[in-house]
Amino acid sequence: MKLILRYALLLMPLLGLAQLKSPSEFLGYELGTQFTRHHEVVDYYQYLAEAEPQRMKLIEYGKTNERRPLLLATISTKENMQNLDKIREEHMKGLNGEGTPDKAIVWLSYNVHGNESVSTEASMQTIYDLFTSKSSYLENIVVLIDPCINPDGRDRYVNWYNQFKNSPNQVDPNSKEHHENWWSGRSNHYMFDLNRDWAWLTQVESQQRLKQFNKWLPHVHVDFHEQGVDNPYYFAPAAEPFHEVVTDFQREFQKTIGKNHAKYFDENGWFYFTKEVFDLLYPSYGDTYPTYNGGIGMTYEQGGSGRAGLGIITSIGDTLTLKDRIAHHHTTGLSTVEVAANNVNKLNDEFKKFHLKKDFKYKSYVLNGNPDKLELLTNLLSKHEIEYKAGSNSSVKGYNYATGKISSLKTTDKSIVISTDQAKGTLVKVLFEPMAKLSDSVTYDITAWSLPYAYGVNAIASESSFNGTTAVNSKPELKGVAANSYAYLADWNSMKDARFLAELLRNKVRVRYAHKPFTVDGIAHERGTLIITKSDNKNLKNFNKILSTASKNQNKNLISTNTGFVESGKDFGSSYVDVIQSLNIAVLSGEPTSTLRFGEIWNFFEQQLDYPISVLDEDYFARVDLTKYDILILPDGRGYNSFLTTYTKEKIKDWVKHGGKLIAMGGAIDGITASDDDFDLKEKEIKKDSSDTIGSFEISEREQIKSTITGAIFKATVDNTNPLAYGYDDTYFTLKLGARSYKYLDNGSAVYLSEGDNEPISGFAGSEAKKKIAETLIFGTEEMGRGQVIYMVDNPLFRGFWENGKLFFANALFMVK
Ligand SMILES: [Zn+2]
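Residues numbered from 1 in each chain as written. Predicted model: local features only at pLDDT ≥ 70, side-chain atom pairs only at ≥ 80, totals over all residues. Heavy atoms only, no water.

Student: Go over the overall build of the chain with me, naming the residues and quoting the values.
Tutor: Along the chain, the regular secondary structure elements total 25 helices and 34 strands. Computed over its C-alpha atoms, the radius of gyration of the chain comes to 28 Å, within 12% of the 28 Å expected for a compact globule of 817 residues. In terms of principal-axis extent, the alpha carbons of the chain reach across some 85 × 70 × 65 Å. Looking at the chain residue by residue over its 817 residues, the buried ones come to 60%. Within the chain, contacts between residues at least 6 apart in sequence are counted, and of these 78% link residues at least 24 apart. With the model as given, the accessible surface of the chain reaches about 33200 Å², and the carbon-plus-sulfur share is 47%. Separation between the mean location of the 92 positive side-chain charges and that of the 103 negative ones in the chain comes to 5 Å. (Helix = DSSP H or I, 4+ residues; strand = E, 2+ residues; numbered from the N terminus. Rg over C-alpha atoms; globule rule 2.2 N^0.38 Å. Buried < 20%, exposed > 50% of the residue type's maximum accessible area, 1.4 Å probe, protein only. Contact = heavy atoms within 4.5 Å. Areas by Shrake-Rupley, 256 points an atom, 1.4 Å probe, with all protein chains shown as cover. Lys, Arg positive; Asp, Glu negative; His and termini not counted. Charge placed at Lys NZ, Arg CZ, Asp CG, Glu CD.)

Written as structure tokens, this is what we have:
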């Protein structure tokens, strides 16, 4: 059937019969009366590409975790498409303030949140109209359309909806079709929010998309979303706070676009709002990221989302239909292209201006540190096409991230230098500056993310240009693994080391590790050092091969030694040297947990550590035999009170007392420990400030933020004699996402806020919140019977980007006994 259709399409243009099919004609139902499955969307885009070969180019730029294709359509007039490479080149010369571009680039991104399912439907009508009734817009515009950024999430929603919908659809909001379950379609396969991932690139969709995005760096980028069913439409201009790098033109042009949308919405009598809620600060969104790359980045929000289905009665008694939702997103999409078409020269001039040398306070950032961590960071920079260089034997003076004071840092050829004097200079500033300047403290998201803290490297922000030398080759030279040594030693201070260990364990290698520092063959080794002995693995076939393969795979050098007799510290046979077993690990999923927090753990195991994990859903958790597992992880979440019945709680405690290791994170800590004297951990309470007066209704939001921390960075003290903190220095910069506070543990406080360290080093914390978190626990361990409880008050796996926290999680798995 399909073959015949394609053959016919090839002939049509020759016969002059080409009549482009609208989405409704192609799909066989009126657009808006059904949700279109992703493969049908792909079919329609392929159909268009075949029917419009001269005006459209369609590429598959990658695949999702569930193997769905990721598509990008490039469309313009026939003439423009013939000159596409030239148009792109002229545009990209703007990064150096050069070129004579005369076309504007508009990029429309749909359905980043899978259950905000109107987007992809609207994209089909939009591209169709750009080929037909609105084709005049294309004369000076290249439009790039990503019909679905998150196909796995979208299909999860659409398949669920089709399964549970009434026939005909039921507009009563109580009906099942308006209530997605816990595993909703919003996020991607690993339950990551792709609209928080543009800067960190932890997910395959983002990584592959950014390669395409960087080829074009559009003048205008729109990220189509949905919000609650009762909300009117939201479009630009965005709300405060704006990051200070957002230029006057970028602010102004948002208004220009907003006014054009308003014209159409007014004509139709549609409601909308602007300048509220959606701010431009956190750099990892689909609006801020393009903005920090010189474009006009915007979020558009339709009322609807996963609750709306094909139609739903709103709180004021109107019926919101999928057709309405399509009409609105379709209107703003076309209106955006129209505004760009009317402002081609302005957009090109301003794009060039944006990339001219800027007078930022800090001209260069200089980094020192663990080579594994520097390598990880430079890998991220490369993905953003940010240039970096190597340092030289010298020193640099400036703002020291670790101390918050002006000081000097010795540099070597291992140092990394990143200058703001480059095409991506603004992005460099946003990602590296020690503290983002807030024009307003009420924001939608975290207020601090500075990469040196996230990656755990020493850094200086320098006010003078510091020229690096050669290009950096950060990868260490790999030495072979000597055969037949008594033992092999591997250091332990990065996720690379954890991955190396995970690979050995997967291959049944028996690994020991040191609880005390030791010296052998004149080389000093820290706590946590892995010791892999020949005799432990004498029955393992291919032991040498497994070891050298793991060394190669993880790019990790081993030190071999022919003796277990140490010069200082404990010998390899000592009881201070433990064996790491191959572990069976389980994580709880479902209602008690947050989908995002569960997803971070799931992704950590499968995509970062590469170690198997069992997912135990709350539905049948009560029936699971926990003795099969060595470790149980309870992710952060708000639903623990109803999940942890007396039976379930006793079951978990009993398992711990018999040797199980429980890792409780965020809200799970309160869930499992509250009013239970079996646990030593106690919440910290503070008295409310009695001078609080009654405020007016209007300022209540401002009052409320006194008690909140919106993602701020604090300097924490580390007890690196605790196995939970092996491989760390004596300080750690933690990202605090809330003011939940617990007192220190008697001797298990591995990471904590010391006296006076309750002031954020970067980001915002309210005055009440600061009092509450003073002298409290961040990560700690507690023995219970023969088992262990590990507490993670802050989240070291947050959005997968806080690289320097991940080793704590690996320690919780492998080092804590
Ligand atoms: Zn959204």
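Student: Any details on the coordination of the zinc ion? Residues and values, ideally.
Tutor: On the protein side, the zinc ion has H113 (ND1), E116 (OE), E116 (OE) and H225 (ND1) as donor atoms, found 2.0 to 2.4 Å from it. For the zinc ion, the four donor atoms in the first shell make angles of 57 to 157° at the metal, so the coordination geometry reads as irregular. Read in sequence order, the donor residues coordinating the zinc ion give the pattern H-x2-E-x108-H. Linking E116 in the loop between β3 (104-109) and α6 (118-131) with H225 in strand β5 (residues 220-227), this pair joins segments that are 109 residues apart in sequence. One exposure class covers both E116 and H225, and it is buried. (Donors = N, O, S within 2.8 Å, 3.2 Å for Na, K, Ca; no water. Tetrahedral: all angles 85-135°; square planar, octahedral: opposite > 155°, others 65-115°.)

Student: I'd like a rundown of the pattern of salt bridges, residues and numbers included.
Tutor: The tally for this structure, following the rule as stated, stands at 44 salt bridges. Of the charged contacts in the structure, one is a salt bridge between R506 and D610, with a shortest N-O distance of 3.6 Å. Residue R506 is found in helix α16 (residues 495-506), and its partner D610 is found in the loop between α18 (595-609) and β27 (614-617); the two are separated by 104 residues along the sequence. Taken together, the shared-partner salt bridges connect E116, R186, D193, R196, D445 and R799 into one network. (Salt bridge = Lys/Arg side-chain N within 4 Å of Asp/Glu carboxyl O.)

Student: Help me get a handle on the packing of aromatic side chains, residues and values and all.
Tutor: Think of a pair of aromatic rings as described by two things: how far the centres are apart, and how the planes are tilted against each other in angle. According to the stated counting rule, one finds 57 aromatic pairs in the structure shown. Measuring from centroid to centroid gives 4.8 Å for Y732 and F808, while their planes differ by 80°, and the two rings are edge-to-face. Taken as a pair, Y732 in strand β31 (residues 731-736) and F808 in helix α25 (residues 806-814) lie far apart in primary sequence, 76 residues in all. Here the two residues Y732 and F808 agree in accessibility, since each one is buried. Taken together, the ring pairs in this structure connect W200, Y282, Y285, W449, F798, F801 and W802 into an aromatic cluster. Of note, R209 hangs over the ring of W198, and the distance from its end group to the ring centre comes to 4.2 Å. (Phe/Tyr/Trp six-rings, centres within 6.5 Å; stacked < 30°, edge-to-face > 60°. Lys NZ or Arg CZ within 6 Å of the ring centre and 35° of its normal.)

Student: Account for helix α13 (residues 371-383), with residues named and values stated.
Tutor: Between the first and last C-alpha of α13 there are 18 Å, a value that for 13 residues agrees with the 18 Å anticipated at 1.5 Å per step. All of the buried residues along α13 are D372, K373, L374, E375, L377, T378, L380 and L381. Contacts from the buried residues of α13 go to β13 (364-368), β17 (416-419), α14 (425-432), α15 (451-455) and α16. A distance of 2.7 Å separates the backbone nitrogen of D372 from a side-chain oxygen at the start of α13, and that oxygen is part of N370. Just downstream of α13 lies E385, where phi reads positive at about 55°. (Expected span 1.5 Å × (residues − 1). Polar contact = N/O pair within 3.5 Å; in protein donor to acceptor, adjacent residues only side chain to side chain.)

Student: Help me get a handle on the pairing of strand β29 (residues 661-665), residues and values and all.
Tutor: Among the five residues of β29, five are classified as buried, and the element is accordingly described as predominantly covered. Alternating positions in β29 separate into two faces, K661, I663 and M665 on one and L662 and A664 on the other, with burial throughout. In the sheet, strand β28 (residues 631-634) pairs with β29 via four bridges, with the strands oriented parallel. Residue pairing for β29: I633 is matched across the bridge by I663. In the sheet, β29 pairs with strand β34 (residues 787-792) via five bridges, with the strands oriented parallel. Counterpart to A664 in the pairing with β34 is Y791. (Pairing = 2+ DSSP bridges.)

Student: Lay out the environment of Y629 with the relevant residues and their values.
Tutor: Its location among the elements puts Y629 in the loop between α19 (618-621) and β28. For Y629, a relative accessible area of 16% puts it in the buried group. Between the C-alpha atom of Y629 and that of L583, which follows or precedes it by 46 residues, the distance is 7.6 Å. Sequence-distant contacts of Y629, defined by excluding residues within four places in its chain, comprise N584, I585, A586, S614, L616, V624 and W655.

Student: Now, about the sheet that holds strand β19 (residues 487-490): what can you tell me, with residues and values included?
Tutor: Within the open sheet, the five strands sit side by side as β24-β19-β23-β20-β25. Their pairing is antiparallel. The outermost strands of the open sheet, each flanked by one partner alone, are β24 (559-561) and β25 (577-580). Each neighbouring strand pair of the sheet contributes to a mean axis angle of 30°, computed without reference to strand direction. Pairing of strand β20 (residues 511-514) with strand β23 (residues 530-533), which is carried by two bridges, proceeds in the antiparallel orientation. In the sheet register, Y513 faces β23, and the bridge partner there is L530. (Axes fitted to C-alpha atoms, helices over the stretch in contact; angles between N-to-C directions.)

Student: I'd love a proper account of the confidence of the model for the chain, names of residues and values included.
Tutor: Scored by pLDDT, the chain has a mean of 93; 94% of the residues are at 70 or more. pLDDT under 50 marks residues 1-17. Its contacts with residues more than four places away, or in other chains, come to nine contacts. (pLDDT = per-residue confidence, 0-100.)

Student: Can you lay out the nonpolar core for me, pointing to particular residues and giving the numbers?
Tutor: By size, the foremost hydrophobic cluster in this structure holds 145 residues, and its most contacted members are F432, F605, I633, F809 and L813. When near neighbours in sequence (up to four residues on either side) are disregarded, I633 contacts I585, A586, V587, L588, I601, F605, I613, I663, M665, F809 and L813. If you look at the next biggest cluster of nonpolar residues, it comprises 61 residues, including Y29, I75, V220 and A262. (Core = buried A, V, L, I, M, F, W, Y, C linked by side-chain atoms within 4.5 Å.)

Student: Summarise helix α11 (residues 322-341); cite the residues concerned and give the values.
Tutor: With 20 residues, α11 extends 29 Å between its outermost C-alpha atoms, agreeing within 8% with the 28 Å of an ideal straight helix rising 1.5 Å per residue. Burial within α11 is extensive, with 16 of its 20 residues counted as buried.

Student: Now, about the packing of α18 against α25: what can you tell me, with residues and values included?
Tutor: It is at 12 Å that the axes of α18 and α25 come closest, and there the two elements cross at 90°. Between α18 and α25, the angle falls in the class roughly perpendicular. Residues I601, F604, F605, Q608 and L609 of α18 touch α25, and the partners they reach there are K806, F809, A810, L813 and F814. Taken together, the residues that form the contact of α18 with α25 break down as eight nonpolar, one polar and one charged. (Parallel < 35°, antiparallel > 145°, perpendicular 65-115°, else oblique. Nonpolar A, V, L, I, M, F, W, Y, C, P; charged D, E, K, R; others polar.)

Student: How would you summarise the sheet that holds strand β30 (residues 712-718) if you had to cite specific residues and measurements?
Tutor: Spatially, β27-β26-β28-β29-β34-β33-β32-β30-β31 is the arrangement adopted by the nine strands of the open sheet, whose pairing is mixed. Here the strands that pair on one side only, and so sit at the sheet edges, are β27 and β31. Taking the axes of each pair of neighbouring strands and ignoring which way they run, one obtains an average angle of 25° across the sheet. Helix-sheet contacts for α25 involve β26 (585-589), β28, β29, β31, β32 (749-752), β33 (777-784) and β34, and the interaxial angle to β29 is about 155°.

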